[in-house]
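# What the coordinates show
Below are the chains, spelled out letter by letter.
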Amino acid sequence: MLVLVINSGSSSLKFQAIDTASGDVLSKGLIEQIGEGPIADHGAAIVIMEDQLHKDLGEREVQAVGHRVVHGGERFSQPVRIDYEIVRAIERLSPLAPLHNPAHALGMRELMERWPDTPQVAVFDTSFHRTLPEYAWRYALPDYLYKEHGVRRYGFHGTSHDYVTGIAAELLGHDRNQFNAVIAHLGNGASVTAVKNGRSVDTSMGYTPLEGLVMGTRSGDVDPSIITQLIVRGICSAEEMDSILNKQSGLKGLSGSNDMRSLVERAAEGDDAAELALSVAAYRLQKYVGAYHVAVGGAQALVFTAGIGENSWQFRERVCSGLGALGVKLDMPTNVTRSSEPRVISALDSAIPVLVVPTNEEEAIAGLVKELLNGNAEA
Ligand code: ADP
């Protein structure tokens, strides 16, 4: 099936046309600055995309569209076929994802109008985490904050965690439904998920993608009183606080850079700030791995994925060097070997295998779209 995967942002549109049989990407592009200059709106961006698709695909036609959607709230636990009611439901979730959901809805409406006969599917970043038990998704806050305002853990990066879980189970020869693992998705945004019997039972991102690990520019976990006190004392406004936590913190806040490669180099040259940033980030992840090892009743694998997880052997080494209590032991030559294949990087006598599994959200979305539409065709 030829699936067009779309990530529609407020001022950008990313797309990839994927042949699900071969996994080949037949066309891809990124259209930026929507709303400025010649690209007046999402409709104009789609016209540009259509031109590109026409050039790259020739006679072949897109058979289905998969839209990446950041927030599916409590309603969406699986990909769904899009109709106007679904678009409205995605829009209604905008208070939970104000930067993303309205933009996703815009892209969907435009494409539904222009391609009325092509089935469209929404794939949600949150849906893999709908299997969390309530004691994991509830915050210990007054009940009405959940009931009236939807304040709870939702979790993100779900499509990636789900995809990587499947590949890791297969690589190790486990039945996915009996596979327990800790999955660390370490990109610019980073999250770790506890997988029990193939399902998400806890995850480090929460109500928003700010909670949890130390990220490129996001703080991850902090004492919430820091926020209220700084605002009350007039040191910053609520808006400034939001920007501090999301854009000026994390690796960048500690060291001035959110580029893992340069941090590793600087640390090797004796730069204290870079060393500190790396050790704070690694320690945070070690704590989560320990916690989630318990949450899943004993992990059968620790899996690294995304930009840092796949590429930075130094960061993997730093993290694993603090996991001796779990019996984790890397095989150093394998850890430093670059590869784009899923692989085991732990020593034979490691108590838990450590894996690197490259993630591919677009391919995962295309696969989910095909699965949903084929399932419907048979029903
Ligand atoms: P996102 O999709 O969240 O924007 P990515 O998964 O692309 O992020 O990951 C970005 C991160 O990966 C950056 O911190 C970058 O420094 C790191 N990264 C990418 N390539 C390498 C590499 N070869 N070595 C070390 N880190 C890398």
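Residues numbered from 1 in each chain as written. Predicted model: local features only at pLDDT ≥ 70, side-chain atom pairs only at ≥ 80, totals over all residues. Heavy atoms only, no water.

Below, the discussion takes up the UniProt feature "active site" (unreviewed entry) in the protein chain. When the UniProt feature table is mapped onto this chain numbering, "active site" (unreviewed entry) sits at Asp 125. By relative accessible area, Asp 125 is classed as buried at 3%. When near neighbours in sequence (up to four residues on either side) are disregarded, Asp 125 contacts Arg 68, Val 69, Val 70, Gly 155, Phe 156, His 157, Gly 158, Thr 159 and Glu 361. Within the structure, Asp 125 has its side chain in polar contact with the backbone nitrogen of His 157 (distance 3.4 Å). (UniProt positions renumbered as here; feature names shortened; annotations may be inferred. Buried < 20%, exposed > 50% of the residue type's maximum accessible area, 1.4 Å probe, protein only. Contact = heavy atoms within 4.5 Å. Polar contact = N/O pair within 3.5 Å; in protein donor to acceptor, adjacent residues only side chain to side chain.)

So, on to the packing of aromatic side chains. Considering all chains together, one arrives at four aromatic pairs under this definition. Both rings, one in Tyr 154 and one in Tyr 207, keep their centres 6.3 Å apart while their planes meet at 40°; by these two values the pair is tilted. Pair noted here: Tyr 154 is in the loop between helix 5 (143-149) and helix 6 (158-172) and Tyr 207 is in the loop between strand 9 (199-203) and helix 7 (224-232), with a separation of 53 residues, a long-range link. For Arg 152, the ring lying beneath its charged end belongs to Trp 137, and the centroid distance is 3.9 Å. (Phe/Tyr/Trp six-rings, centres within 6.5 Å; stacked < 30°, edge-to-face > 60°. Helix = DSSP H or I, 4+ residues; strand = E, 2+ residues; numbered from the N terminus. Lys NZ or Arg CZ within 6 Å of the ring centre and 35° of its normal.)

The next subject is the pairing of strand 4 (residues 64-69). Consecutive residues of a regular strand have side chains that alternate between opposite faces of the sheet. Most of strand 4 sits inside the fold, with six of its six residues counted as buried. Judged by which residues are buried, strand 4 turns out to be covered on both faces: Ala 64, Gly 66 and Arg 68 on one side and Val 65, His 67 and Val 69 on the other are all buried. In this sheet, strand 4 lies alongside strand 1 (residues 2-8) in parallel orientation, the contact comprising four bridges. Across the sheet, Val 3 pairs through a bridge with Ala 64, a residue of strand 4. (Pairing = 2+ DSSP bridges.)

Another point: the sheet that holds strand 11 (residues 343-344). Reading across from one edge, 9-8-7-10-12-11 is the order of the six strands in this open sheet, with mixed pairing throughout. One side of each edge strand has no neighbouring strand; the edge strands of this open sheet are strand 9 and strand 11. Looking at chain direction, strand 10 (residues 302-305) and strand 12 (residues 354-356) are connected through three bridges and run parallel. Along strand 12, the bridge assignment pairs Val 303 with Leu 355. Against the sheet, helix 13 (residues 313-320) touches strand 7 (181-186), strand 10, strand 11 and strand 12, its axis set at about 155° to strand 10. (Axes fitted to C-alpha atoms, helices over the stretch in contact; angles between N-to-C directions.)

With that out of the way, let us pick up the pairing of strand 1. Most of strand 1 is tucked away: seven of the seven residues are buried. Side-chain alternation along strand 1 places Leu 2, Leu 4, Ile 6 and Ser 8 on one buried face and Val 3, Val 5 and Asn 7 on a second face that is also buried. Where strand 1 folds back on strand 2 (residues 13-19), the antiparallel hairpin that results is connected by four residues.

Below, the discussion takes up the environment of Ile 31. Relative to the elements of secondary structure, Ile 31 occurs in strand 3 (residues 25-31). Looking at Ile 31, the relative accessible area reads 7%, which means it is buried. In sequence terms Ile 31 and Met 49 are 18 residues apart; their C-alpha atoms lie 7.8 Å from each other.

The subject of this paragraph is the environment of Met 108. For Met 108, the location among the structural elements is in helix 3 (residues 101-114). If we skip the residues at most four places from it in the chain, Met 108 touches His 67, Val 69, Ile 82, Val 87, Ile 90, Gln 120 and Ala 122.

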